[in-house]
Amino acid sequence: MRRRLLAGAAALLLIGGAAGSAAADAPAGQPARPATASAEVPAGVSAGVAVFDRQTGTFTEQLNTSTRFRSASVVKLLLALDHLWNRGPDYTVPAADRAWLEPMLRASDDDAASAYWSDHGGTAIITRMVDRLGLKDTAPPPTGYEGYWGYTALSARDTVTIYRYLLDSAPGPVRDFMMGNLRQSTRCASDGFDQHFGIAGAFDKPWAVKQGWSGSSYEKGTCGPKRTVTASVARAGSPAADVDLTRPALHSTGTVGAGDRSIVAVFTLHPVGTSYGKAYTDIGRLTRSLNVPGAARPAGWWYGTWSDHVNVRPKPGTGDAAITQLPAGVEVLVGCQARGEVVNVPPYTNEWWAYLPRYDGWISNIYINSPDNKMPDVKDC
């Protein structure tokens, strides 16, 4: 007997090649509602969104583009550009610099960012980059929080400006180095959080991403090495004029499509107490609703999950070590399903397994929010 979990956890069908998402309360197995050229922001979420089509030189999405958000790890783009500023066309990044820049850009390493921040002027880094790039909304952390690089204020439109500089004006070696590392974003960040939300979950490659997350309600990461998050974790009651330092933040920025056709910036704040899995799901739904020229959208069915620390396995069985674990209650893309090892989670038993193409791995259907052991709308593998 399958666990019947339908309320608020519908299966969402996503047809490959078509822009779309579905309403949160759509019944299981129903096709996704076609997206319009307007961001669909989940209830309770505050968002700033910009999508810029580099081929036409126009924005296809603009929502609260000048609103300031605390940047969390997105500020690491500015730290890397500050270090690489004024490098010539023949520049080669030394091995010693690659040793900290690559983990910071690929795995969002906080230790590398903190060391650079403290050694190169802290807030002065932001002031330099604002002047160099002509940023309109970016500002250093507020007084009393100068050591918190993740409290740097950043907007969606300024993020587009950063990527436009990087792609169109930066010296070739700087562009190639930074974009090359962003294309190699690791699923597991250095602090153990799954960072392939938003852009990385909504679209097929090619993409390049720099993500950000900050929230005291986020449970510890479930993949990769675990570290204590310090610089980018918000504390309630922090003084700020127009930048919210309290609500959990989750941001997805980068480029999508061949030739980095679209620049995408999605900044979100979530209600206090929101879990990482819920925020991960909500920014995914928002990002999937966007009009992103050049984006390739994956085929499959979006389903909610339940339970904590669900293991993703390389095969439909428990014999092999887990590839990773899912954020609690996160929505996942199911590519197909197959019979495998029988799993018992009393009083439930299930032999069907769901293949998750985003993870190249499997989870037992017992953890899928569907009324039946076998999902009625998902094809067999």
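Everything numeric here is computed off the predicted structure, so don't read it as measured data.

Participant: Honestly, the state of the cysteines in this entry has me stumped. Any pointers?
Facilitator: When the sulfur atoms of two cysteines share a covalent bond, that bond is a disulfide. Per the counting criterion, the structure on display carries two disulfides. Sulfur-sulfur distance for the disulfide between Cys-188 and Cys-223 comes to 2.4 Å. Between Cys-188 and Cys-223, the S-S dihedral sits near -140°, and the bridge is therefore left-handed. Pair noted here: Cys-188 is in the loop between α6 (172-182) and α7 (199-202) and Cys-223 is in the loop between β8 (207-214) and β9 (249-256), with a separation of 35 residues, a long-range link. Cys-223 sits in the buried class, given a relative accessible area of 3%. Covalent S-S linkage joins Cys-336 and Cys-381, the inter-sulfur distance amounting to 2.0 Å. Its S-S torsion of approximately 95° makes the covalent link between Cys-336 and Cys-381 right-handed. Taken together, the residues Cys-336 in strand β15 (residues 336-345) and Cys-381 in the segment after β17 (361-364) connect sequence positions 45 residues apart. When the cysteines engaged in disulfides are numbered in sequence order, the protein pairs them as 1-2, 3-4.

Participant: Please clarify how empty space enclosed by the protein should be interpreted in this entry.
Facilitator: If a probe the size of a water molecule is rolled over the atoms, the empty space left behind becomes visible. Applying the stated rule across the entire model yields two cavities of 30 Å³ or more. Counted as a void, the largest cavity has a volume near 160 Å³. Lining of the largest cavity is provided by 16 residues; of these, His-196, Gly-201, Tyr-280, Trp-302 and Glu-331 occupy positions nearest its centre. For the lining of the largest cavity, the secondary-structure elements that each account for two or more residues are α7, α8 (276-288) and β14 (332-334). Ranked by residues supplied to the lining of the largest cavity, first place goes to α8 with four residues. Grouping the constituent residues of the lining of the largest cavity by class yields seven nonpolar, five polar and four charged. Reported here for the second largest cavity is a volume of approximately 40 Å³. Of the residues that constitute the lining of the second largest cavity, the class distribution is three nonpolar, three polar and three charged.

Participant: What exactly am I supposed to notice about the nonpolar core here?
Facilitator: Here is a general trend for soluble globular proteins: nonpolar side chains tend to be buried in one another's company. Residues Leu-290, Leu-326 and Val-334 are the most contacted members of the largest nonpolar core, which totals 50 residues. Among all residues touching Val-334, those that are not within four sequence positions of it are Gly-300, Trp-301, Tyr-303, Ala-354, Tyr-355, Leu-356, Pro-357, Ile-368, Met-375 and Val-378.

Participant: How do you make sense of the pattern of salt bridges when you look at a structure like this?
Facilitator: Side chains that differ in sign of charge can pair as their charged atoms come close. Throughout the structure, instances matching the rule amount to 19 salt bridges. The residue Arg-106 makes a salt bridge to Glu-102 at a minimum N-O spacing of 3.9 Å. One end of the pair, Arg-106, and the other, Glu-102, are both in helix α2 (residues 95-106), four residues apart, so they sit about a helical turn from each other. For Glu-102, a relative accessible area of 22% corresponds to the partly exposed category. Several salt bridges converge on common partners, so that one network encompasses Asp-82, Arg-128 and Arg-132.

Participant: Help me understand the sheet that holds β9 in this model?
Facilitator: Strand pairs in the sheet, formed through backbone hydrogen bonds, run parallel or antiparallel to each other. Within the open sheet, the five strands sit side by side as β5-β4-β10-β9-β8. Their pairing is antiparallel. Sheet topology places β5 (58-63) and β8 at the edges, where each strand pairs with a single neighbour. When strand polarity is set aside, the average angle formed by the axes of neighbouring strands in this sheet is 5°. Here α6 sits on the sheet and contacts β8 and β9; the angle it forms with β8, its principal contact strand, is near 70°.

Participant: Please clarify how α8 should be interpreted in this entry.
Facilitator: Within an α-helix, residues lying three or four positions from one another point in the same direction, as the helix has 3.6 residues per turn. Over its 13 residues, α8 extends 18 Å from the first C-alpha to the last, a length consistent with the 18 Å expected when each residue adds 1.5 Å. In terms of burial, α8 is a largely internal element, 12 of the 13 residues being buried. When α8 is considered as a whole, its buried residues turn out to be Tyr-276, Gly-277, Ala-279, Tyr-280, Thr-281, Asp-282, Ile-283, Gly-284, Arg-285, Leu-286, Thr-287 and Arg-288.

Participant: Would you mind showing me how to read the sheet that holds strand β16 (residues 348-356) here?
Facilitator: Pairing is antiparallel across the open sheet formed by three strands, whose spatial order is β15-β16-β17. The open sheet is flanked by β15 and β17, the only strands paired with a single partner. The sheet shows a mean angle of 30° between the axes of neighbouring strands, taken without regard to direction. Strand direction decides the pairing type here: β15 and β16, joined by seven bridges, are antiparallel. Residue pairing for β16: Cys-336 is matched across the bridge by Tyr-355.

Participant: Would you take a moment to explain the pairing of strand β4 (residues 46-53) for this structure?
Facilitator: Both faces of the sheet carry side chains from a regular strand, because those side chains alternate between them. When you tally the buried positions in β4, you get seven out of eight residues, the bulk of the element. Note: β4 against strand β10 (residues 262-269), eight bridges, orientation antiparallel. When the bridges of β10 are listed, Ala-50 appears paired with Ala-265. Pairing of β4 with β5, which is carried by five bridges, proceeds in the antiparallel orientation. Counterpart to Val-49 in the pairing with β5 is Leu-63.

Participant: What is the right way to read the pairing of β8 from this model?
Facilitator: Across the eight residues that make up β8, a large majority, eight, are buried. Alternating residues of β8 divide into Trp-207, Val-209, Gln-211 and Trp-213 and Ala-208, Lys-210, Gly-212 and Ser-214, and every residue in both groups is buried. Examined bridge by bridge, β8 and β9 share eight bridges and lie antiparallel to one another. In the strand pairing of β9, Ser-214 is matched with Ala-249.

What counts as what
Numbers given for residues are sequential positions, taken from 1 along each chain in its written order. Local features in a predicted model are, by the rule used here, given only for residues with pLDDT of at least 70; side-chain atom pairs are given and counted only at 80 or more, and totals for whole chains, interfaces and linings are based on all residues. To get the side-chain values, all heavy atoms of the structure are used, and hydrogens and water are removed first. Two cysteine sulfur atoms make up a disulfide if the distance between them is within 2.5 Å. Helix and strand assignments come from DSSP, with helices taken as H or I runs of at least 4 residues and strands as E runs of at least 2, each series counted from the N terminus. For every residue, the accessible area (1.4 Å probe, protein chains only) is compared with the maximum for its type, and the residue is labelled buried under 20%, exposed over 50%, or partly exposed between those bounds. A cavity here means a set of 1 Å grid points, computed over protein atoms only, where a 1.4 Å probe fits but cannot escape. A pocket is an open set with protein on both sides within 12 Å along at least 5 of 7 lines, and lining residues have an atom within 4 Å of a point. Grid points are joined across faces, edges and corners, and a volume is the space filled by probe spheres set on the points. Each residue is assigned to one class: nonpolar for Ala, Val, Leu, Ile, Met, Phe, Trp, Tyr, Cys and Pro, charged for Asp, Glu, Lys and Arg, and polar for all the others, Gly among them. Remark: nonpolar core denotes a set of buried residues (Ala, Val, Leu, Ile, Met, Phe, Trp, Tyr, Cys) joined through side-chain atoms within 4.5 Å. Contacts are assigned to residue pairs with any non-hydrogen atoms lying within 4.5 Å of each other. Take a side-chain nitrogen of Lys or Arg and a carboxyl oxygen of Asp or Glu: if they are within 4 Å of each other, that pair is a salt bridge. Note on pairing: DSSP must find at least two bridges between two strands before they are called paired. Fitting a line to C-alpha atoms yields each axis, with helices limited to the stretch in contact; the angle taken between N-to-C directions then spans 0 to 180 degrees. In this analysis, the expected span of each helix is defined as 1.5 Å times one less than the number of residues it contains.

Functional significance is not addressed by these values, which are geometric in nature.
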